[in-house]
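Fold and geometry: a report
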Amino acid sequence: MSDLKSLIIGPSGVAAALFVTSVGVLGSVYASQYWGGLAPCKLCLFQRWPWWIASGLGLLAWWAVPRWPLWRFAIGLCGLTLMAGAALAVYHVGIEQHWWLGPANCTSSGTPASFEELKAQILAAPVVLCDQISWSLFGISMAGYNAIVSIVVGLASLLAVRSSGPMEGS
């Protein structure tokens, strides 16, 4: 029983949880894209990178459990990466809610002044605009859910590093 408890909440469990959560998030966004038909915008694609990094760091941390300083480094870096991903997701939510402007090549712009400007705008426009919400549940978009999950998992990772002893697990 002690081994099971250690696996679930110990260093191996933390690393495994990070990996499984990262794969779950990535699986859900790819499923929504390929099976659900929700084409991602430019910022949606950027928001996947922290989860890819976190999945790799989760595997590294799982491998590094006996190498305590490396485990702490991998989990801490994972937490910081996910907090940066959360900041990107919050930025995207702000663009979706029109709290601030997004990148010019990823948002709809005002009325063009001429036909030539309209033609140039149409030809340069991406397929999916970052300021348009393509899916939401309870008024929260996918970027909003990404922000929430990134903050929770990122803070949990940082807390795991902070609460772990300096030589625990070695």
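A few points on the structure.

Criteria and thresholds
- Residues numbered from 1 in each chain as written.
- Predicted model: local features only at pLDDT ≥ 70, side-chain atom pairs only at ≥ 80, totals over all residues.
- Heavy atoms only, no water.
- Patch = residues over 30% accessible without salt bridge, like charges linked within 9 Å, V, L, I, M, F, W, Y side chains within 5 Å.
- Areas by Shrake-Rupley, 256 points an atom, 1.4 Å probe, with all protein chains shown as cover.
- Salt bridge = Lys/Arg side-chain N within 4 Å of Asp/Glu carboxyl O.
- Helix = DSSP H or I, 4+ residues; strand = E, 2+ residues; numbered from the N terminus.
- Phe/Tyr/Trp six-rings, centres within 6.5 Å; stacked < 30°, edge-to-face > 60°.
- Buried < 20%, exposed > 50% of the residue type's maximum accessible area, 1.4 Å probe, protein only.
- Lys NZ or Arg CZ within 6 Å of the ring centre and 35° of its normal.
- Core = buried A, V, L, I, M, F, W, Y, C linked by side-chain atoms within 4.5 Å.
- Contact = heavy atoms within 4.5 Å.

1. Observations regarding a nonpolar patch on the surface
Nonpolar side chains collect at one region of the surface, where Val90, Trp99, Trp100, Ile151 and Leu155 lie side by side and expose about 490 Å² of accessible area between them. Within the secondary structure, Trp99 is located in the loop between α5 (68–96) and α6 (115–124).

2. Comments concerning the packing of aromatic side chains
Throughout the structure, instances matching the rule amount to 5 aromatic pairs. Relative to Trp71, the ring of Trp68 lies with its centre 4.6 Å away and its plane at 5°, an arrangement referred to as stacked. Within this pair, Trp68 and its partner Trp71 are both found in helix α5, separated by 3 residues, close to a single helical turn. Where Trp135 meets Tyr145, the ring centres are 6.3 Å apart and the plane angle is 50°; that geometry is what we call tilted. Highlighted residues: Trp135 in the loop between α6 and β1 (136–137) and Tyr145 in helix α7 (residues 142–163), separated in sequence by 10 residues. Classification of Trp135 as partly exposed rests on a relative accessible area of 37%. Cluster of aromatic residues (ring-pair linked, three or more members): Tyr30, Tyr34 and Trp52. In this structure, Arg67 is placed above the aromatic ring of Trp63, and the distance from its NZ or CZ to the ring centre is 4.0 Å.

3. Focus on the nonpolar core
Judged by nonpolar contacts, the single largest core of 19 residues is most densely connected at Trp51, Ala61, Trp71, Ile75, Cys78 and Leu82. Within the residue set of this core, elements represented by two or more residues are α2 (11–34), α4 (49–63), α5 and α7. Broken down by element, this core gets its largest block of residues, 6 residues, from α5. Apart from residues lying up to four places away in sequence, Ile75 is in contact with Val14, Ala15, Leu18, Ala61, Ser157, Ala160 and Val161. Core analysis: the second largest hydrophobic core is formed by 5 residues, Cys41, Leu43, Ile95 and Cys106 among them.

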